[in-house]
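Each chain, written out:
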Amino acid sequence: MFTLVHITDLHLAPLPIPTADEMSFKRRLAYISWTKNRHRIHHPDVIAAIAADIKTVAPDHIAVSGDLTNMALDREFENATRWLEQFGDDSKISVVPGNHDAYRSDYKEAIEKHWSRFTTGDGFPFMREFDDFALIGVSSGVKTQPFMANGVVSDEQLAKLEAMLTDAADKGLPRVVMIHHPVHSGATKVRKKLTNSREFRAVIDKAGAELILYGHLHKPLRTSIPANGGLAAIRGAGSASASGFDGTRPAHYHVIRVTDKNTFEIEHRAYDPASRAFYKTDTEILPITLNICPN
Ligand SMILES: [Fe+2]
Ligand SMILES: [Fe+2]
């Protein structure tokens, strides 16, 4: 059995004050939003609690689906890296960026510089092969205009994704895909959606996949999309740092146990603001039926 933890949307505090050189209109908006409200929602106490909870789970691997930062400042990338380092060496951690990690013109270079150590080092998508499944990380983080939070998966990435899905299937490995933005139809409003989600879904439908993990919406969600004659399960996790302040949705994450390539056992763990600790809300057992084209 292999234990995979999936967390997302850490939005790590404290938020560094951007210098004059670093300040842009979009970052100014983010900073105002943080000082007004978001600092109460994304709280360091919750981040400390989830780290302690993950250590109790003792996963074999941790998958992080983006928005580790708030404004993509270098100091935030470094904070996130230090936070991840507490869980072991780089090979135990996979990261894909979110829209907040792309709040800068040179976002591709910054993500590569700080976080390529948490990938296979060959850009996106990347694939890590384990005994019981393959984990494929896709980047949907792109710089967007103020008030927009869209994502895009480039055509080049879509072509590589299809090849990786096929390669993993040829090896008999169930495929777990991680991406920041939700990919199902009608997932969110126009200004927050994955702009080319239709093209992404077409790749999944053609090449097949078994499980898709995402974040971005800061709320847990369970659905599925067509995948080569079968269905790919989709599971969205809540924000890893959400305090539940003022009735907002508290933090949530996934503990996924993969057994002999035939079962995903997905444990949902959520933050209880009263006890300031995480607890199990429920566990799903998903039989893995490889969505592989017979020819
Ligand atoms: Fe987020
Ligand atoms: Fe996001």
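Refer to the structure above for everything that follows.
As the structure is a prediction and not an experimental result, all values here were calculated from the model. (Residues numbered from 1 in each chain as written. Chains lettered and ligands numbered in written order. Predicted model: local features only at pLDDT ≥ 70, side-chain atom pairs only at ≥ 80, totals over all residues. Heavy atoms only, no water.)

Caption draft 1: Local environment of the coordination of the iron ion (ligand 1). Around the iron ion (ligand 1), the protein supplies Asp9 (OD), His11 (NE2), Asp67 (OD) and His218 (NE2) as donor atoms, at distances of 2.0 to 2.3 Å. For the iron ion (ligand 1), the single-chain donor residues occur in sequence as D-x1-H-x55-D-x150-H. (Donors = N, O, S within 2.8 Å, 3.2 Å for Na, K, Ca; no water.)

Caption draft 2: Here's a closer look at the pattern of salt bridges. In this structure the tally under the stated criterion is 18 salt bridges. The shortest N-O distance in the salt bridge between Arg117 and Asp90 comes to 3.0 Å. Pair noted here: Arg117 is in the loop between helix H4 (107-115) and strand E4 (126-129) and Asp90 is in the loop between helix H3 (74-85) and strand E3 (93-95), with a separation of 27 residues, a long-range link. According to the relative accessible area criterion, Asp90 is partly exposed, its value standing at 24%. Notably, a salt bridge pairs Glu267 with Arg269, separated by 2.8 Å at the nearest N-O pair. Overall, Arg269 belongs to the buried group, its relative accessible area being 13%. Overlapping salt bridges bring together Asp53, Arg257, Glu265, Glu267 and Arg269 as one network. (Salt bridge = Lys/Arg side-chain N within 4 Å of Asp/Glu carboxyl O. Helix = DSSP H or I, 4+ residues; strand = E, 2+ residues; numbered from the N terminus. Buried < 20%, exposed > 50% of the residue type's maximum accessible area, 1.4 Å probe, protein only.)

Caption draft 3: Region of interest: the coordination of the iron ion (ligand 2). Within the protein, the iron ion (ligand 2) binds to Asp67 (OD), Asn99 (OD1), His180 (NE2) and His216 (ND1); these donor distances fall in the range 2.2 to 2.3 Å. Around the iron ion (ligand 2), the 4 donor atoms sit at angles spanning 87 to 163 degrees, and that spread fits a shape best called irregular. One chain supplies every donor for the iron ion (ligand 2), spaced along it as D-x31-N-x80-H-x35-H. Between the iron ion (ligand 2) and the iron ion (ligand 1) the interatomic distance amounts to 3.4 Å, and Asp67 serves as a bridging ligand to the pair. One end of the pair, Asp67, is in the loop between strand E2 (61-64) and H3; the other, His216, is in the loop between strand E7 (211-214) and strand E8 (221-227), and 149 residues separate them in sequence. (Tetrahedral: all angles 85-135°; square planar, octahedral: opposite > 155°, others 65-115°.)

Caption draft 4: Fine view of the packing of aromatic side chains. With the rule as written, the count across this model stands at 9 aromatic pairs. With centroids separated by 6.5 Å and ring planes inclined at 75 degrees, the aromatic side chains of Phe25 and Phe147 adopt a geometry described as edge-to-face. You can see Phe25 sitting in helix H1 (residues 25-41) and its partner Phe147 sitting in the loop between strand E5 (134-137) and helix H5 (155-170), a full 122 residues away along the chain. Judged by relative accessible area, which is 57%, Phe147 ranks as exposed. Each member of the aromatic cluster is reached from another via a ring pair, and the members are Phe2, Phe130 and Phe133. Note that Lys55 overlies the ring of Phe87, its terminal NZ or CZ placed 5.9 Å from the centroid. (Phe/Tyr/Trp six-rings, centres within 6.5 Å; stacked < 30°, edge-to-face > 60°. Lys NZ or Arg CZ within 6 Å of the ring centre and 35° of its normal.)

Caption draft 5: Highlighting the sheet that holds strand E11 (residues 263-272). The mixed open sheet is built from 6 strands, whose spatial order is E3-E2-E1-E10-E11-E12. Where the open sheet ends on each side, the last strands, each with one partner, are E3 and strand E12 (277-287). Averaged over all neighbouring strand pairs, the angle between strand axes comes to 20 degrees, with direction disregarded. Across 5 bridges, the pairing between strand E1 (residues 2-7) and strand E10 (residues 252-259) is antiparallel. Bridged to His6 within E10 is His254. Where helix H2 (residues 44-57) meets the sheet, its contacts fall on E1, E2, E10, E11 and E12, and the angle it forms with E10 comes to roughly 15 degrees. (Pairing = 2+ DSSP bridges. Axes fitted to C-alpha atoms, helices over the stretch in contact; angles between N-to-C directions. Contact = heavy atoms within 4.5 Å.)

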